[in-house]
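In case you want the letters, here they are:
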Amino acid sequence: MAKITAIVVTIIGILLILKELAILSVITDYNGWLIAIGVLIIGIAKLIRNFKK
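Please read all numbers here as calculations on a predicted model, not as lab measurements. (Residues numbered from 1 in each chain as written. Predicted model: local features only at pLDDT ≥ 70, side-chain atom pairs only at ≥ 80, totals over all residues. Heavy atoms only, no water.)

K.L.:
Just checking my understanding: could you explain helix 1 (residues 2-21) for this structure?
P.N.:
Because each turn of an α-helix spans 3.6 residues, side chains separated by three or four positions in sequence point in the same direction. Given a rise of 1.5 Å per residue, 20 residues ought to cover 28 Å, and the 28 Å separating the end C-alpha atoms of helix 1 matches this to within 8%. Here helix 1 has its buried residues at Thr5, Val8, Ile12, Leu15 and Leu18. Viewed along the axis of helix 1, the buried residues span an arc of 165 degrees, placing them on a single side of the element. Opposite the buried face of helix 1, at more than 90 degrees from it, the exposed residues are Ala2, Lys3, Ile7, Ile17, Glu20 and Leu21. Directly beyond the C-terminal end of helix 1, a positive phi value near 60 degrees is found at Ala22. (Helix = DSSP H or I, 4+ residues; strand = E, 2+ residues; numbered from the N terminus. Expected span 1.5 Å × (residues − 1). Buried < 20%, exposed > 50% of the residue type's maximum accessible area, 1.4 Å probe, protein only. Arc of directions from axis to C-beta.)

K.L.:
Help me understand a nonpolar patch on the surface, please; the structure alone is not making it clear to me.
P.N.:
Taken together, the side chains of Ile4, Ile17, Leu21, Ile23, Leu24, Ile27, Tyr30, Trp33, Leu34, Ile37 and Ile41 present a nonpolar region at the surface, about 1100 Å² in accessible area. Per-element tally for the nonpolar patch: the top contributor is helix 3 (residues 31-51), with four residues. As for its placement among the helices and strands, Ile27 is situated in helix 2 (residues 25-28). (Patch = residues over 30% accessible without salt bridge, like charges linked within 9 Å, V, L, I, M, F, W, Y side chains within 5 Å. Areas by Shrake-Rupley, 256 points an atom, 1.4 Å probe, with all protein chains shown as cover. Salt bridge = Lys/Arg side-chain N within 4 Å of Asp/Glu carboxyl O.)

Written out as structure tokens, the structure is:
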């Protein structure tokens, strides 16, 4: 679980840095969607882990 969270948070951080540096504007145009999907993935993964017991 920690691995999924770390990977998604790292990707979100990279996207935010790229947006601030104005690099890859095609990708960073969708940052809002990408960040929302990343947070949703983390939330769903944690819910699955917590309710599997």
